[in-house]
Every structure is written in structure tokens, then in C-alpha cells.
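Report on the structure
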Amino acid sequence: MVGSVHTTLPDFQMPNEEQVHLAAEGFRLLADPTRIKILWALLQGESSVACLAELVGASPTAVSQHLAKLRLAGLVKGRREGTFVHYSAADSHVRALLAEALFHADHADHPDRHDDHPHVHESRPAVNIG
């Protein structure tokens, strides 16, 4: 019987299809190094497109496109002040999501770290998002 082990677990529930779809979409959008850098910067405080472009080493046009996608996904919000828009991370869930992803990257048991660089894992700085 498929899933019979899970039927014995109290309170076991699979996420619904919409939750799974939205989570997968969020992860898909975060599967880009520039977007991770943008979110990291925004977790430190509000920022403009020009400042973000300088921080992440991308053109303002590229950063604007990334921000538009992150905004549609609900990961980033914008606050308009005159002709300028100041961006920030949407909420504490974004902080937790990015913190966990970076923590995992820093502590995951990656095969390429063992043979060639036995001390890389130990010497990498811990990620602190505050």
C-alpha cells in the first residue's frame, strides 16, 4: 500500500498543490546568484536600484528586472518616494528562507570540499543575517 507508513504518523499532512507550486516558484526565483545577492543586501535595509546594482555587480537594468520578478513573487516590496523607489525584503519569512539556504550552503557536506580542500569547510565564515 502506497504511503502506508505515513498513515501511522499523527498529524501528517502533505502540503496542498497550491502551496507546493508557490514554494517551487519561490525556489526557482531564488536559483540565481544575483537575486540572492539582491535579497541579502535588502535584508540589511532599504536600497535603490542604483545602489543594488553597485553592490551586486550588475547593471541597473538587470537589477530592475530581477526586482520585478522578486516583487511579483512577494519576496521584495517597494516604497515610492517621488520618482525613486526604495526596495526592501518583504518580511521576516524572506530573512528566514535566505538564512536557512545560506546556512545550508555553508554547512552542507559537499563532495568537492573533501579531497582537494580538506579545510575549506572549517575556514569558511558563518553567515549572520541578524
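Residues numbered from 1 in each chain as written. Predicted model: local features only at pLDDT ≥ 70, side-chain atom pairs only at ≥ 80, totals over all residues. Heavy atoms only, no water.

A few points about the packing of helix α3 (residues 33–44) against helix α6 (residues 92–107)
Our working definition: For helices, the fitted line uses only the C-alpha atoms of the stretch in contact; every axis is such a line through C-alpha atoms, and the angle between N-to-C directions lies from 0 to 180 degrees. Numbering of helices and strands runs from the N terminus, with a helix taken as a DSSP run of H or I at least four residues long and a strand as a DSSP run of E at least two residues long. Throughout this description, any angle smaller than 35 degrees is read as roughly parallel, any larger than 145 degrees as roughly antiparallel, any in the 65 to 115 degree range as roughly perpendicular, and the remainder as oblique. Handedness of a helix crossing follows the sense of rotation of the near helix relative to the far helix, less than a right angle counterclockwise being left-handed and clockwise being right-handed. Contact definition: two residues touch when any of their heavy atoms are within 4.5 Å. Classes in brief: Ala, Val, Leu, Ile, Met, Phe, Trp, Tyr, Cys and Pro nonpolar; Asp, Glu, Lys and Arg charged; the others, Gly included, polar.
Axis separation between α3 and α6 bottoms out at 11 Å; the angle between their running directions is 125 degrees. Taken together, α3 and α6 sit at an angle that is classed as oblique. Handedness of the crossing formed by α3 with α6: left-handed. For the pair formed by α3 and α6, the contact residues are I36, L39, W40 and L43 on the first element and V94, R95, L98 and L102 on the second. Residues of the contact of α3 with α6, tallied by class, amount to seven nonpolar, no polar and one charged.

Focus: the nonpolar core
Going by this rule: Residues enter a nonpolar core if they are buried and are Ala, Val, Leu, Ile, Met, Phe, Trp, Tyr or Cys, with the set joined through side-chain atoms within 4.5 Å. Type-normalised accessible area, obtained with a 1.4 Å probe on protein chains alone, sets the label of each residue: buried when under 20%, exposed when over 50%, and partly exposed for intermediate values.
Residues I38, V63 and L67 are the most contacted members of the largest nonpolar core, which totals 20 residues. Sequence-distant contacts of I38, that is, excluding residues within four places in its chain, are made with L52, V56, V63, H66, L67 and L70.

Thoughts on the environment of W40
Counting through the fold element by element, W40 comes out in helix α3. Sequence separation between W40 and R95 is 55 residues; the distance between their C-alpha atoms is 8.4 Å.

So, α6
Rules: An expected span of 1.5 Å times one less than the residue number is assigned to each helix. Read the arc as the range of directions from the helix axis to the C-beta atoms. Definition of a polar contact: a pair of N or O atoms within 3.5 Å, with one able to donate and the other able to accept a hydrogen when the atoms are protein atoms, and with sequence-neighbouring residues admitted only if both atoms are side-chain atoms.
Spanning 16 residues, α6 covers 22 Å between terminal C-alpha atoms, matching the ideal 22 Å at 1.5 Å per step. Taken together, the buried positions of α6 are V94, L98 and D106. Projected onto a plane normal to the axis of α6, the buried residues spread over an arc of 95 degrees and lie on a single side. Exposed residues on α6 whose side chains face more than 90 degrees from its buried face are S92, H93, E100 and H104. Among the residues of α6, the N-terminal cap falls to D91, whose side-chain oxygen and the backbone nitrogen of H93 are separated by 2.9 Å.

Points about the pattern of salt bridges
To be explicit about the condition: Take a side-chain nitrogen of Lys or Arg and a carboxyl oxygen of Asp or Glu: if they are within 4 Å of each other, that pair is a salt bridge.
Per the counting criterion, the structure on display carries three salt bridges. Note that R79 and E46 form a salt bridge whose closest N and O atoms lie 2.7 Å from each other. Residue R79 is found in strand β1 (residues 76–81), and its partner E46 is found in the loop between α3 and α4 (49–56); the two are separated by 33 residues along the sequence. Judged by relative accessible area, which is 36%, R79 ranks as partly exposed. Residue classification places E46 among the partly exposed positions, given a relative accessible area of 41%. Residue E81 is joined to R79 by a salt bridge in which the shortest nitrogen-to-oxygen separation is 2.9 Å. Here the residues in one salt-bridge network are E46, R79 and E81, joined through shared partners.

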